[in-house]
Each structure stands twice: as structure tokens, then as C-alpha cells.
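The lines below spell out each chain.
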Amino acid sequence: MGKKSTKENKNIYQITREALDLTRDQASEVLQFISADRIEKIENEKAMAHPDEVLTMAEGYRKPNLCNYYCSHECPIGEKYVPEVESKELSGIVLEMLASLNSMNKMKERLIEITADGMISDDELLDFITIQQELEKISLSVESLQLWMESTIANKQIDSAKIEKLKASCK
């Protein structure tokens, strides 16, 4: 077994690998086409991870949240458009979503009033921004739920084949 790093500012890729108690050589075997040297460069931030490498790490380490981290922190487009999604427990995700949906239910008539004419006047702008922020909370809840599901599947707590079959039957 290799020695543990004592580096203080570890990036998410190193933290994830070490949490699995893998050396870089062992991680390279798990990740197949990413060499131990390449892993070291990514972890020491001498090189940026490529999207395909992040996908491989997310799958190999069974941590789908690595993809969201990459998109929201390292991808120039994603930094602007992709919010960071926190890993949460299912109950917390559902409660946040229900609270936002209840709040939005109260705001839907106002949204119709504001947007019916296809324009947003100055006196409607604050209400519109408030509604937009509530919609963003719902969107984040949906993304959190998706991340929870992907993590649950990756950790084999739910059968992915069964999920795909059920999804296909819902179409």
C-alpha cells in the first residue's frame, strides 16, 4: 500500500480516491485508461482533468457527483450555466422540493398576470425575479434528486436494469 498524502489542499479527485483507500496505481487499474501518472497530475493540479476522464472517475469511483463538480467548477461553460448540486439525503431533497412546489403554487397566478402580455414592466420585475428564484430552487431539487438516484444506482442499492425497464414502460 502506498503512503497517504499529507497535502493540505487536496482536490475533489484526490479526496474521492483516498476515501476509497486506493493508491494511484490501484485507481489506475480501476479507471483502466487513466495512468497513475495522469491521476497524479490531475490531483496535484498540474493538469486539468478532461471530461472523459471525469466520467471515468465518476463511474470507477462510483461518485456521480464528480461530473457535477467538474461542470460547475472547471468547465468554462458549466461555470456560467451549471449550478453546483449538493449530495443530500432523499428525505431532505423531497422536503425542499415540496416546500418550493407549495410556494410556487401560490405564485402561479401572479406569474400568469405578469407574463400574459409577453412583457415584464418595471412594477412586475421584483415579483418576476422572486418567482424565477423559486423556480431555480425547484430545478436544483430535481437535479439533487437525479444525483441521489445516480449515486444510489452506482452503489448498487437499486438495480439499474430494473430502472431502465420501468422507464421504458412509462413512455
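That block above? That's the structure.
Every value quoted in this text rests on a predicted model; they were computed, and no experiment measured them.

**Quick look at helix α7 (residues 90–115)**
Point 1. At M107, α7 shows its maximal kink, close to 45°.
Point 2. For α7, the complete set of buried residues consists of I93, M97, S100, M104, M107 and I114.
Point 3. Those residues of α7 that are buried lie in contact with α8 (122–154).

**Things to note about the packing of helix α1 (residues 12–19) against helix α5 (residues 65–73)**
Relative placement of two packed helices is described by the angle separating their axes and the distance separating the axes.
Point 1. Contact geometry of α1 with α5 gives a least axis separation of 11 Å together with a crossing angle of 170°. Our classification of the angle between α1 and α5 gives roughly antiparallel. Seen from α1, the contacting residues are I12, Y13 and T16; seen from α5, they are N65, L66, Y69 and Y70.
Point 2. Of the residues belonging to the contact of α1 with α5, the class tally is 5 nonpolar, 2 polar and no charged.

**Quick word on the packing of aromatic side chains**
Point 1. Counting across every chain of the model gives 1 aromatic pair.
Point 2. Between Y13 and Y69 the ring centres are 6.3 Å apart and the planes differ by 85°, which places this aromatic pair in the edge-to-face class. Taken together, the residues span a long stretch of sequence, with Y13 in helix α1 and Y69 in helix α5 at a distance of 56 residues.

**What about helix α4 (residues 51–60)?**
Point 1. For α4, the complete set of buried residues consists of E53, V54, T56, M57 and A58.
Point 2. Lining the buried residues of α4 we find α1, α2 (24–31), α3 (36–43) and α5.
Point 3. Once α4 ends, the next one or two residues include R62, with phi positive near 60°.

**Concerning the packing of α2 against α3**
Point 1. It is the contact of α2 with α3, at a shortest axis distance of 8 Å, that shows an interaxial angle of 110°. Between α2 and α3, the angle is such that the two are roughly perpendicular. Residue-level contacts link R24, D25, A27, S28 and L31 of α2 to A36, I39, E40 and E43 of α3.
Point 2. For the contact of α2 with α3, the class distribution of residues is 4 nonpolar, 1 polar and 4 charged.

**A word on the nonpolar core**
Point 1. By size, the foremost hydrophobic cluster in this structure holds 16 residues, and its most contacted members are Y13, L31, A49, V54, M57, Y61 and L66.
Point 2. Sorting the residues of this core by element identifies α1, α2, α3, α4 and α5 as the ones contributing at least two each.
Point 3. Looking at this core, the element that brings in the most residues is α4, giving 3 residues.
Point 4. Sequence-distant contacts of V54, that is, excluding residues within four places in its chain, are made with Y13, A49, L66, C67 and Y70.
Point 5. Within the second largest apolar cluster, 5 residues are counted, among which are M107, I114, I131 and I138.

**Quick word on the environment of S87**
Point 1. On the secondary structure map, S87 appears in the loop between α6 (76–81) and α7.
Point 2. Spatially, the C-alpha atom of S87 lies 8.9 Å from that of S151, the residues being 64 residues apart in sequence.
Point 3. Excluding its chain neighbours within four sequence positions, the residues that come into contact with S87 are N65 and L147.

**Topic: a nonpolar patch on the surface**
Point 1. Taken together, the side chains of L90, V94, L98, L101 and L145 present a nonpolar region at the surface, about 360 Å² in accessible area.
Point 2. Take the nonpolar patch: its biggest share by element is 4 residues, from α7.
Point 3. Take L101: it is sitting in helix α7.
Point 4. We classify L101 as partly exposed; its relative accessible area is 40%.

How each quantity is defined
- Residues numbered from 1 in each chain as written.
- Predicted model: local features only at pLDDT ≥ 70, side-chain atom pairs only at ≥ 80, totals over all residues.
- Heavy atoms only, no water.
- Bend = angle between axes of the 7 residues up to and from the residue.
- Helix = DSSP H or I, 4+ residues; strand = E, 2+ residues; numbered from the N terminus.
- Buried < 20%, exposed > 50% of the residue type's maximum accessible area, 1.4 Å probe, protein only.
- Contact = heavy atoms within 4.5 Å.
- Axes fitted to C-alpha atoms, helices over the stretch in contact; angles between N-to-C directions.
- Parallel < 35°, antiparallel > 145°, perpendicular 65-115°, else oblique.
- Nonpolar A, V, L, I, M, F, W, Y, C, P; charged D, E, K, R; others polar.
- Phe/Tyr/Trp six-rings, centres within 6.5 Å; stacked < 30°, edge-to-face > 60°.
- Core = buried A, V, L, I, M, F, W, Y, C linked by side-chain atoms within 4.5 Å.
- Patch = residues over 30% accessible without salt bridge, like charges linked within 9 Å, V, L, I, M, F, W, Y side chains within 5 Å.
- Areas by Shrake-Rupley, 256 points an atom, 1.4 Å probe, with all protein chains shown as cover.
- Salt bridge = Lys/Arg side-chain N within 4 Å of Asp/Glu carboxyl O.

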